[in-house]
Structures are given as C-alpha cells and as structure tokens.
Amino acid sequence: MAAVFLVTLYEYSPLFYITVVFVCFLVTSGLVLGWFGLGVPVILRNSEETESSTRVLKKRMRQVKNPFGLEIPHPATASVTKGITLTPDCLEDCILTCYWGCSVQKLHEALQKHVYCFRIKTPQALEDALYSEYLYRQQYFIKKNDKEEKYCQLPEDAQVVDFGPVPRSRYPLIALLTLADEEDREIYDIISMVAVIHIPDESYRLSCRILYQYLLLAQGQYHDLKNICYLLASLSDQPFLLYCSSTGEASEETFFFISLYCNTRTRLGVSLAHVFRS
C-alpha cells in the first residue's frame, strides 16, 4: 500500500516526492539520534520526566560558619620597613602565620593544589605547596575570640626595603589563618583563610589593604570574598544585608558566601548560602 502511494506521489510531482522522502529521513534520523546518542527526544518526554530534570538543577541553601576574621587596624602606618599590625578575630583557637615576600606564582599554584592534590588546613601544608618560596615567616597562636593586635615586621638583616616595580613576582605579605585543633577542622566547612596583603614601599606607594581574601573549604574549593561581594551585587536588584569594605574585607556581622556547582549536564548553577560570623 505504501509502495503504491509513493509511486502515485512520484507520478504526480517528482519534486514533491523528493521533498517528502527527505523530510521523512530527517525525522527518522532525529529519532534515532535522540534515542541512542542524545537522550530521549524532548517531544517524546512526559511532563513528570521534565519536572524531574528541573528538580535536579536545584541546590538547597544551607548556613555555613566562617571561623576566621582578620583586620588591619592601622593601615596608614604600615610599611615594609616599619611592619604592620594585624587583628585576628576567630571563633576557635587558631594559628596566624605570616609570610613575607611570598612568590605570586607559587601561591596560586598552592591554591590549585588545594583543589586537586591535598587540602591546605595547616601552615605546613601551605609551606609544602609553596616550596618555601618566601623570605621570612612569623607565627602566632590566637585564642578563641581574642582580638589582641599582632605586630609583624621583617628582621633588619633581611635588608628588604621594597619588592620592586609592578608587575611583581612577590606579594609583600601573606597571612594564613588555620584552626589549631584537629577536632575543629572536622566541624567547619571553611578550614583556612589566606589573605593577600599589600604594604606600601619605596617602589609602590599604594595604601595598605587586603587585596584578596580566600576562604578554603574542606571539600577542595576556594572562594575570594571580594569577588563574592561583586557577584552578589550583580545577581539581583534587591539590596543585600552585606558588609564589605573597598578592600574586600568582610565585617564581623555577616556576609554572603557563594558556591558554584555543575549538574549532570555540566551547566553552571549558582547556590547562595548565608555565612554568619558569630
């Protein structure tokens, strides 16, 4: 019956016959590719499957505590030769480790190692990742909720007055905050914080500030607080309860934390979670 129909159609109009055959070929090819290569065709999916796929893209928000806080109480008096004063504010006993003249390249390689190789949750882990590419190291034990100022300064025999013109190969100062107790590292999702601090010198007079403040997670991600502030501002027209200074520092009250994730089809999604500081 189909053969008779096709013959009749060809006798009526060869061009129309060719068009019909071509369209049938495209539809058949699409169905075959849909079943075997690209998933079930959308036209054949029922509403329940569509709703199920949509639900997969959702990610539940949850609260995440940040145990670390760091401020520069007197930025106007800070310099490479005179040193700098830092004020940590931590929810648990912590260790503040300062690295003078840390290699820019090695630091960013260390952050990648946190993602792909091992977690940076102790000063020794960071130093292993840096391959000791820094000039001087100072360390302080910080008691829970202790806001005592810590003074950091290069020794006189270091003979360092500046770190050269920009672009530089070394950061003036890196401050690492880690949890002192092993048990606390199992409680918090945020296991350490790395602050990149600019200190003015003879070659570069830019005022003292925190350039980057990276939160390192136990799951292997890390996020820059300054970028989080900018991203939140661009995601919505609604005002946020957000306190960030121009240097990217988070205040003691509260800030937002953003985690990026990929679903099964590698489409990027954004999940907002509220991070509380005490």
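Before reading further, recall that the structure is shown in the block above.
This report concerns the structure included in the present document.

Reading the values: rules and limits
- Residues numbered from 1 in each chain as written.
- Predicted model: local features only at pLDDT ≥ 70, side-chain atom pairs only at ≥ 80, totals over all residues.
- Heavy atoms only, no water.
- Phe/Tyr/Trp six-rings, centres within 6.5 Å; stacked < 30°, edge-to-face > 60°.
- Buried < 20%, exposed > 50% of the residue type's maximum accessible area, 1.4 Å probe, protein only.
- Helix = DSSP H or I, 4+ residues; strand = E, 2+ residues; numbered from the N terminus.
- Axes fitted to C-alpha atoms, helices over the stretch in contact; angles between N-to-C directions.
- Parallel < 35°, antiparallel > 145°, perpendicular 65-115°, else oblique.
- Left-handed = near helix turned anticlockwise from the far one by under 90°.
- Contact = heavy atoms within 4.5 Å.
- Nonpolar A, V, L, I, M, F, W, Y, C, P; charged D, E, K, R; others polar.
- Pairing = 2+ DSSP bridges.
- Expected span 1.5 Å × (residues − 1).
- Polar contact = N/O pair within 3.5 Å; in protein donor to acceptor, adjacent residues only side chain to side chain.
- Salt bridge = Lys/Arg side-chain N within 4 Å of Asp/Glu carboxyl O.

**Things to note about the packing of aromatic side chains**
What characterises a pair of aromatic rings is the spacing of the ring centres plus the angle enclosed by the ring planes.
Turning to step 1, where the next piece is worked out: Applying the stated criterion across every chain, the model contains three aromatic pairs.
Turning to step 2, where the next piece is worked out: Seen from their ring centres, Tyr212 and Tyr214 are 5.9 Å apart, and the 15° between their planes marks the pair as stacked.
Turning to step 3, where the next piece is worked out: You can call Tyr214 buried: its relative accessible area is 8%.
Turning to step 4, where the next piece is worked out: Ring pairs connect the aromatic residues Tyr212, Tyr214 and Tyr222, which therefore count as one cluster.

**Regarding the environment of His223**
Turning to step 1, where the next piece is worked out: Locating His223 in the fold gives a position in strand E10 (residues 222-224).
Turning to step 2, where the next piece is worked out: For His223, a relative accessible area of 13% translates into the label buried.
Turning to step 3, where the next piece is worked out: Between the alpha carbons of His223 and Tyr212 there is a distance of 9.7 Å; along the sequence they are 11 residues apart.

**Quick look at the packing of helix H4 (residues 104-116) against helix H5 (residues 123-130)**
Turning to step 1, where the next piece is worked out: Contact geometry of H4 with H5 gives a least axis separation of 8 Å together with a crossing angle of 120°. Taken together, the axes of H4 and H5 are oblique relative to one another. Considering how the two elements wind past one another, H4 and H5 form a crossing that is right-handed. Counted together, Lys106, Leu107, Ala110 and Lys113 of H4 and Leu126, Ala129 and Leu130 of H5 form the full contact between these two elements.
Turning to step 2, where the next piece is worked out: The class makeup of the residues in the contact of H4 with H5 is five nonpolar, no polar and two charged.

**Topic: the sheet that holds strand E6 (residues 150-152)**
Turning to step 1, where the next piece is worked out: Across the sheet, three strands lie side by side as E2-E3-E6; this open sheet has antiparallel pairing. Of all the strands in the sheet, just strand E2 (70-71) and E6 have a single pairing partner and so form its edges.
Turning to step 2, where the next piece is worked out: Here two bridges tie E2 to strand E3 (residues 84-88), and the two strands are oriented antiparallel to one another. Following the sheet pairing, Leu70 is matched in E3 by Pro88.

**What to know about H4**
Because each turn of an α-helix spans 3.6 residues, side chains separated by three or four positions in sequence point in the same direction.
Turning to step 1, where the next piece is worked out: Its 13 residues give H4 an end-to-end C-alpha distance of 19 Å, which sits within 8% of 18 Å, the value for a rise of 1.5 Å per residue.
Turning to step 2, where the next piece is worked out: Listed as buried for H4 are Val104, Leu107, Ala110, Leu111, Lys113 and His114.
Turning to step 3, where the next piece is worked out: At the N-terminal boundary of H4, the capping side chain belongs to Ser103, with an oxygen 3.3 Å from the backbone nitrogen of Lys106.

**As for the pattern of salt bridges**
Turning to step 1, where the next piece is worked out: Considering all chains together, one arrives at seven salt bridges under this definition.
Turning to step 2, where the next piece is worked out: In this structure, Asp89 engages Lys147 in a salt bridge whose closest nitrogen and oxygen atoms are separated by 3.9 Å. Remark: Lys147 occurs in the loop between strand E5 (136-142) and E6 and Asp89 occurs in the loop between E3 and strand E4 (94-103); sequence separation between them is 58 residues.
Turning to step 3, where the next piece is worked out: For Glu148, the salt bridge goes to Lys150, with nearest N and O atoms at 3.7 Å.
Turning to step 4, where the next piece is worked out: Classification of Glu148 by relative accessible area gives partly exposed; the value is 46%.

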